[in-house]
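Reading the structure
These are the residues of each chain, in order.
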There are 2 protein chains.
Amino acid sequence: MSIDIINSFSCPLPKMDYNTIQLAHGAGGRLSAELIDKIFLPCFGNETLNLLEDQASLEISNNRIAFTTDSFVVNPVFFPGGNIGELAINGTVNDICMSGAEAKYLSVAFILEEGLNIEELHTIVISMKNAIDKAGIQIVTGDTKVVNKGACDKLFINTSGIGVIKEDIHLSAANLQPGDKILLSGTIADHGMAVMTVREGLSFRSKILSDTAALNGLVKDMLSVSKNIRAMRDPTRGGLATTLNELAKSSKVGIHIFQKTIPVREEVNSACEILGIDPLYVANEGKLIAIVPAKAADKILDKMKKNEFGKNACIIGEVTKEHASMVIMENELGVDRVIDVPTGEQLPRIC
Amino acid sequence: MSIDIINSFSCPLPKMDYNTIQLAHGAGGRLSAELIDKIFLPCFGNETLNLLEDQASLEISNNRIAFTTDSFVVNPVFFPGGNIGELAINGTVNDICMSGAEAKYLSVAFILEEGLNIEELHTIVISMKNAIDKAGIQIVTGDTKVVNKGACDKLFINTSGIGVIKEDIHLSAANLQPGDKILLSGTIADHGMAVMTVREGLSFRSKILSDTAALNGLVKDMLSVSKNIRAMRDPTRGGLATTLNELAKSSKVGIHIFQKTIPVREEVNSACEILGIDPLYVANEGKLIAIVPAKAADKILDKMKKNEFGKNACIIGEVTKEHASMVIMENELGVDRVIDVPTGEQLPRIC
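To start, this report covers the structure provided alongside it. Only a predicted model underlies this, so the values are computations on that prediction, with no experimental measurement involved. (Residues numbered from 1 in each chain as written. Chains lettered and ligands numbered in written order. Predicted model: local features only at pLDDT ≥ 70, side-chain atom pairs only at ≥ 80, totals over all residues. Heavy atoms only, no water.)

Side note on the relation of the copies chain A and chain B
Rotating chain A by 180° and moving it 0.0 Å along the rotation axis overlays it on chain B with an RMSD of 0.0 Å. The operation mapping one copy onto its partner corresponds to a two-fold rotation axis. Judged by C-alpha distance, Cys152 of chain A is the residue of chain A that lies nearest the rotation axis, at 2.1 Å. (Least-squares fit on C-alpha atoms with pLDDT ≥ 70 in both.)

Considering the environment of Leu218 of chain B
All names here are of chain B. For Leu218, the location among the structural elements is in helix H5 (residues 216-225). For Leu218, a relative accessible area of 1% gives the class buried. Every residue in contact with Leu218, bar those within four places of it in the chain, is listed here: Ser185, Leu288, Met304, Asn307, Phe309 and Gly310. (Helix = DSSP H or I, 4+ residues; strand = E, 2+ residues; numbered from the N terminus. Buried < 20%, exposed > 50% of the residue type's maximum accessible area, 1.4 Å probe, protein only. Contact = heavy atoms within 4.5 Å.)

Thoughts on the sheet that holds strand S12 (residues 314-320) of chain B
Residues and elements named next belong to chain B. Read across the sheet, seven strands follow the order S9-S11-S8-S12-S10-S13-S14 without closing on themselves; strand pairing throughout is mixed. Unpaired on one side and paired on the other, strand S9 (231-233) and strand S14 (336-338) mark the two borders of the sheet. Adjacent strand axes in the sheet meet at a mean angle of 25°, parallel and antiparallel pairs treated alike. The sheet contact formed by strand S8 (residues 181-184) and strand S11 (residues 289-292) spans four bridges and is antiparallel. Bridge assignment links Leu183 to a residue of S11, and that residue is Ala290. Contacting S8, S11 and S12, helix H8 (residues 294-305) runs over the sheet at an angle of about 10° to S8. (Pairing = 2+ DSSP bridges. Axes fitted to C-alpha atoms, helices over the stretch in contact; angles between N-to-C directions.)

Structural notes on the environment of Thr212 of chain A
Residue and element names in this part refer to chain A. Counting through the fold element by element, Thr212 comes out in the loop between helix H4 (190-200) and helix H5 (216-225). Between the C-alpha atoms of Thr212 and Glu102, which are 110 residues apart in sequence, the distance is 19 Å. Those residues in contact with Thr212 that sit more than four places away from it in its chain are Gly81, Gly82, Glu86, Leu87, Asn90, Glu285 and Gly286. At 2.9 Å, the side chain of Thr212 forms a polar contact with the side chain of Asn90. (Polar contact = N/O pair within 3.5 Å; in protein donor to acceptor, adjacent residues only side chain to side chain.)

A look at the pairing of S8 of chain B
Inspection of the sheet shows S8 of chain B paired to S12 of chain B by four bridges, in the antiparallel sense. Bridge assignment links Ile182 of chain B to a residue of S12 of chain B, and that residue is Gly317 of chain B.

Some points on the interface of chain A and chain B
Between chain A and chain B, the residue contacts involve 101 residues of the former and 101 residues of the latter. Of the roughly 8,600 Å² buried between chain A and chain B, counting both surfaces, carbon and sulfur atoms make up 68%. Interface area lost by chain A to chain B is led by Ile21, Phe44 and Ile118 of chain A, which between them contribute 9%. Scanning the region where chain A abuts chain B turns up four salt bridges. Scanning the region where chain A abuts chain B turns up 25 residue pairs in polar contact (both at pLDDT 80 or more). Those elements that place two or more of their residues in the side of chain A that touches chain B are helix H1 (30-44), strand S1 (56-60), strand S2 (63-72), strand S3 (78-79), strand S5 (102-113), helix H3 (118-135), strand S6 (138-147) and strand S7 (155-165) of chain A. Broken down by element, the residue count for the side of chain A that touches chain B peaks at 13 residues, all from H3 of chain A. Of the residues contributing to the side of chain A that touches chain B, the split by class is 51 nonpolar, 34 polar and 16 charged. (Buried area = accessible area lost by both parts, 1.4 Å probe. Salt bridge = Lys/Arg side-chain N within 4 Å of Asp/Glu carboxyl O. Nonpolar A, V, L, I, M, F, W, Y, C, P; charged D, E, K, R; others polar.)

Quick word on the packing of aromatic side chains
If you walk through the whole model with that rule in mind, you get six aromatic pairs over all chains. When the centroid spacing of 6.2 Å and the interplanar angle of 5° are considered together, the rings of Phe40 of chain A and Phe44 of chain A count as stacked. Here Phe44 of chain A and Phe40 of chain A lie together in helix H1, a separation of four residues that amounts to about one turn. A cation sits over an aromatic face here: Lys129 of chain B above Phe9 of chain A, 5.1 Å from the ring centre. One cation-aromatic arrangement involves Lys145 of chain B over Phe72 of chain A; the distance from NZ or CZ to the ring centre is 5.7 Å. (Phe/Tyr/Trp six-rings, centres within 6.5 Å; stacked < 30°, edge-to-face > 60°. Lys NZ or Arg CZ within 6 Å of the ring centre and 35° of its normal.)

Observations regarding the pairing of strand S10 (residues 254-258) of chain B
Here is the key point about a regular strand: its side chains alternate between the two faces of the sheet. All names here are of chain B. In terms of burial, S10 is a largely internal element, four of the five residues being buried. In this structure, S10 lies alongside S12, joined through four bridges in antiparallel fashion. Note on S12: the bridge partner recorded for Ile257 is Gly317. Relative to strand S13 (residues 327-330), S10 runs parallel, the two sharing four bridges. Within S13, the position partnered with Phe258 by the bridge is Glu330.

Rendered as structure tokens:
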């Protein structure tokens with residue numbers, strides 16, 4: 001390794017648990033946090049980035065803009081219920097609208113492997129077209145790179161996106177207050193298990209389908225009922241457990257959830273049992289969590305249930321003063337346990 | 001391949017020259033154009049995207065925003081004069097500012113290969129920090145994915161970016177008018193040949209260094225002299241020849257350049273001769289082409305020469321009414337020849 005330019009900024013290599021990148025560094029758990037805290041933030045940190053929200057809120061000439069980026073490397077690229085293309089559109093639309101922004105514009109950057117079948121690419125592109133139409137957004141800029149055969153795995157897609165945040169909307173993971181209710185828009189773990197079952201060759205009487213969907217319509221409905229929603233997140237990598245932990249830590253509050261209220265499809269539950277995976281840690285790609293003031297909870301819930309992507313919405317718990325920065329779940333026997341952030345990687349490359 | 005969701009939009013697979021992706025589909029030449037025209041635009045096309053500028057100009061609540069994306073897959077990731085990290089910062093800053101926008105915010109998305117040395121990643125991240133400081137911009141959002149060993153080649157970086165375009169700035173590849181002068185900010189082919197020589201194991205008395213640099217300061221200087229610059233482009237993939245062809249086609253004008261005025265470093269020229277490569281088609285990563293009204297050309301040129309990235313700036317030709325949509329070069333013997341767009345890929349993975 002040779003560096004020919006003398007850099008003005010430098011810092012010694014921090015002490016890390018590993019000398020090389022592990023799959024878990026990309027899994028959203030403890031090793032991901034270590035990589036961000038020790039390598040990325042010391043170099044890139046600033047007031048906006050340090051918030052570690054799923055999107056940046058930027059002030060541009062008196063307008064508030066949400067800006068986000070995500071790369072998609074799911075394997076296989078076609079899975080029950082969707083493919084990498086619509087996942088890339090929906091995922092970035094969701095990251096934008098979780099800030100309360102109206103999603104407007106996307107960029108799409110393809111990294112294609114030499115030898116990729118053009119018919120497969122075309123199928124993926126058509127499903128992206130359907131996804132942008134359904135979400136009501138535009139792709140306005142793009143990039144295509146081709147790498148030699150073997151230098152990437154079929155194709156990777158990066159989507160970045162811009163949305164506009166209205167003046168009176170102020171969502172933030174740091175806003176949670178004791179007494180707030182925790183809403184979940186539907187069943188958990190669908191996407192991750194759809195990918196896993198096809199990878200593991202499992203088959204069930206009823207196929208497990210990915211829940212990939214753009215939630216900007218649902219978010220709009222919810223904000224039309226109350227602008228006082230504290231925060232929204234989509235439980236993707238790391239699942240519900242990791243997302244709730246992030247919220248609890250950002251607001252320095254406790255989160256108390258009830259296992260019996262959390263909807264999991266029967267076949268998803270069976271697959272989790274067979275593979276020894278806890279559905280709390282498995283990604284969705286078409287669900288959201290909203291933390292809302294108790295007074296507004298029922299009204300918002302009613303509205304959610306009328307939207308096709310919120311039919312199974314429910315209240316799964318509340319914010320507490322106790323157990324600050326922790327997530328506690330009462331199981332079906334009435335026993336509390338701590339729901340921690342995973343260290344490792346249960347499910348690589350599910351998005 | 002199975003698709004489980006019935007798509008509402010569909011279209012038959014268009015007839016293409018190839019059934020599978022070729023390296024040339026990512027090279028910026030004819031096959032790239034075919035992929036964009038037959039696969040991407042029929043699905044994604046809209047008024048903004050169809051312009052095929054290197055960045056989208058968006059109107060957001062009376063502000064004009066430039067938005068761009070680029071993935072970087074250069075091999076090797078360290079090359080003489082730089083590495084993939086600073087290339088990813090500078091490349092996207094340049095794509096933003098070629099629209100006349102002031103570059104403001106970047107996203108960074110890493111795709112890391114399992115097993116990547118963390119010290120190497122740290123070195124790359126530090127050089128990215130130096131690049132953002134030098135360009136005066138911020139990284140405000142990011143993403144990290146890790147793929148299994150062998151599923152990508154060390155690391156890929158996507159950077160997307162946002163800039164603000166002032167009210168009185170209106171650059172476009174469609175603006176060129178006969179009589180305009182063509183300015184080039186310095187020597188061509190440096191970056192591409194720096195990567196190629198290390199890949200081919202060539203050594204020269206004086207090392208060929210990449211010219212990777214952020215040009216936002218140079219652009220600001222130029223616009224301070226004249227707001228009537230017609231268009232700017234950075235000649236990256238496909239080099240000067242491809243970029244000039246794009247400009248000629250967008251404006252339906254001819255472009256006439258003079259070989260003897262185009263600066264090429266001696267060692268770059270030698271490397272091109274040894275490898276049988278025409279420097280006109282080789283990428284820079286720290287140069288720009290500006291098309292300006294003849295009256296303003298000398299003043300803009302003087303200003304460019306005072307900037308560290310425009311020291312060797314020169315006028316290389318002019319826009320003509322004749323030979324519409326074509327680029328003609330007068331060689332050193334006074335003979336004209338057509339400078340066409342390449343079909344194939346001379347230099348894969350140089351950015």
